[in-house]
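Structure assessment
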Amino acid sequence: QEGRWQRQRQRGRHRERRERRRHFGELVQIDGSHHRWWGDEKNCLINLVDDATSQRLGVMAQEESTRAAMQALWEWIKKYGIPRALYADRKNVFLTDRPPTVEESLAGQTPLTAFGLACHKLGIAIIPSYSPQGKGRVERAHGTDQDRLVKEFQLAGIGRLAEANRFLKQKYYQQINRKFSVPPGESVDYHRPVPEGLKLEEVFCWEETRTVQKDWTVRFEN
């Protein structure tokens, strides 16, 4: 009588699935998967998944750090080339909300993390994701890995980072890409080659600005 009874359950708001990008290398999703891949110790698999093709590559590290993210992107560039954009969450590895420094304000520059600066040098845009559903392809890849890769590691007797990364590179991603990757909507590859004369080891690094003093010395971390 009070109208509390509902004949049909209330459905949640429908999420419309975002269409894939049309070109290989147009957008690559990146994210870290924390899991006990072997034993009791947690490690992090940095996953990269192409949005158009589901082509994958990854690097195992102790944590989702700037170094690990740089290493994963470096491996992707060596194999495929420089992608147009990365789709990442708002972790401080990829994006920062700190206020700009005086130098950045005078130059009209947006504050960047060390990883963001490396991407800026390469002309890679970082697009922030505001929900896990937004980067669903890489999130689903995490689920596949946490089931399948754990068993693969057990069968291969793997229990160290170096062994894991060698297995990922030589076997696992070759199998995954053969089974799950799809052709892109358009045949044009949007990856760009590394510009001639550009050294990736000078891109994937930490930079600090210091002033040479009158006695020709530079002060760094005291």
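Below, the structure is looked at part by part. (Residues numbered from 1 in each chain as written. Predicted model: local features only at pLDDT ≥ 70, side-chain atom pairs only at ≥ 80, totals over all residues. Heavy atoms only, no water.)

Let us now look at the overall build of the chain. Looking only at helices and strands, the chain has five helices and five strands in total. From first element to last, N terminus to C terminus, the chain shows the α and β order β-β-β-α-β-α-α-β-α-α. Considered along the principal axes of its C-alpha atoms, the chain spans approximately 85 × 55 × 45 Å. Here the chain holds 222 residues, and the buried ones make up 39% of them. Surface accessibility of the chain: about 14800 Å² in total, with carbon and sulfur atoms responsible for 47%. One way to put it: in the chain the 38 positive side-chain charges average out to a point 7 Å from where the 30 negative ones average out. (Helix = DSSP H or I, 4+ residues; strand = E, 2+ residues; numbered from the N terminus. Buried < 20%, exposed > 50% of the residue type's maximum accessible area, 1.4 Å probe, protein only. Areas by Shrake-Rupley, 256 points an atom, 1.4 Å probe, with all protein chains shown as cover. Lys, Arg positive; Asp, Glu negative; His and termini not counted. Charge placed at Lys NZ, Arg CZ, Asp CG, Glu CD.)

Time to look at the sheet that holds strand β5 (residues 125–128). One open sheet accounts for five strands, arranged β3-β2-β1-β4-β5; its pairing is mixed. Each of the sheet's edge strands pairs with one partner strand only, and the pair in question is β3 (56–61) and β5. Neighbour-to-neighbour, the strand axes of the sheet open up by a mean angle of 30 degrees, direction not taken into account. In this sheet, β3 lies alongside strand β2 (residues 41–50) in antiparallel orientation, the contact comprising six bridges. By the bridge assignment for β3, Asn-47 is matched with Gly-58. Along the sheet, helix α1 (residues 66–80) makes contact with β1 (28–38), β2, β3 and β4 (85–88), crossing β3 at roughly 150 degrees. (Pairing = 2+ DSSP bridges. Axes fitted to C-alpha atoms, helices over the stretch in contact; angles between N-to-C directions. Contact = heavy atoms within 4.5 Å.)

A cluster of nonpolar residues, Val-212, Trp-216 and Val-218, forms a patch on the protein surface that exposes about 380 Å² of accessible area. Mapped onto the elements of the fold, Val-212 is located in the segment after α5 (161–180). Under the relative-accessibility criterion, Val-212 is labelled partly exposed at 48%. (Patch = residues over 30% accessible without salt bridge, like charges linked within 9 Å, V, L, I, M, F, W, Y side chains within 5 Å. Salt bridge = Lys/Arg side-chain N within 4 Å of Asp/Glu carboxyl O.)

Our next topic: the nonpolar core. Of all hydrophobic cores here, the largest spans 31 residues; its most connected members are Leu-73 and Phe-115. The set of elements that each furnish at least two residues to this core consists of β1, β2, β3, α1, β4 and α3 (114–122). Discounting chain neighbours no more than four positions away, the residues touching Leu-73 are Leu-48, Pro-83, Leu-86, Phe-115, Cys-119, Ile-124 and Phe-204. Within the second largest apolar cluster, 14 residues are counted, among which are Trp-38, Val-150, Ile-158 and Ile-176. (Core = buried A, V, L, I, M, F, W, Y, C linked by side-chain atoms within 4.5 Å.)

Using the criterion set out here, one finds 14 salt bridges in the structure. Here Arg-56 and Asp-145 are joined by a salt bridge, their closest N and O atoms 2.5 Å apart. With a gap of 89 residues between them, Arg-56 in strand β3 and Asp-145 in helix α4 (residues 136–156) connect regions that are remote in the sequence. The exposure class of Asp-145 is buried, given its relative accessible area of 0%. Close ionic contact of Glu-104 with Arg-98 constitutes a salt bridge, the shortest N to O distance being 2.9 Å. Look at Glu-104 and you get buried, because its relative accessible area is 13%. On the basis of relative accessible area, Arg-98 is assigned to the partly exposed category, the value being 31%. Through salt bridges with shared partners, a single network forms among Asp-31, Glu-64, Asp-89 and Lys-91.

With that settled, the discussion passes to α3. Every buried residue of α3 is listed here: Phe-115, Gly-116, Ala-118, Cys-119 and Leu-122. Buried residues in α3, looked at end-on, bunch into an arc of 160 degrees, giving them a common side. Structurally, α3 contributes buried residues whose contacts are with β1, α1, β4 and β5. Downstream of α3 by a residue or two, Gly-123 has a phi angle that is positive, lying close to 75 degrees. (Arc of directions from axis to C-beta.)

Tallied over the full model, the rule gives eight aromatic pairs. Ring centres 5.3 Å apart and planes at 80 degrees place the aromatic pair Phe-24 and Tyr-80 in the edge-to-face group. Here Tyr-80 lies in helix α1 and Phe-24 lies in the segment before β1, a separation of 56 residues in the sequence. For the residue pair Phe-24 and Tyr-80, the accessibility class agrees, reading buried in each case. When the centroid spacing of 5.6 Å and the interplanar angle of 75 degrees are considered together, the rings of Trp-38 and Phe-153 count as edge-to-face. On the criterion of sequence distance, the pair formed by Trp-38 in strand β1 and Phe-153 in helix α4 is long-range, its members being 115 residues apart. Owing to a relative accessible area of 14%, Trp-38 belongs among the buried residues under this scheme. (Phe/Tyr/Trp six-rings, centres within 6.5 Å; stacked < 30°, edge-to-face > 60°.)

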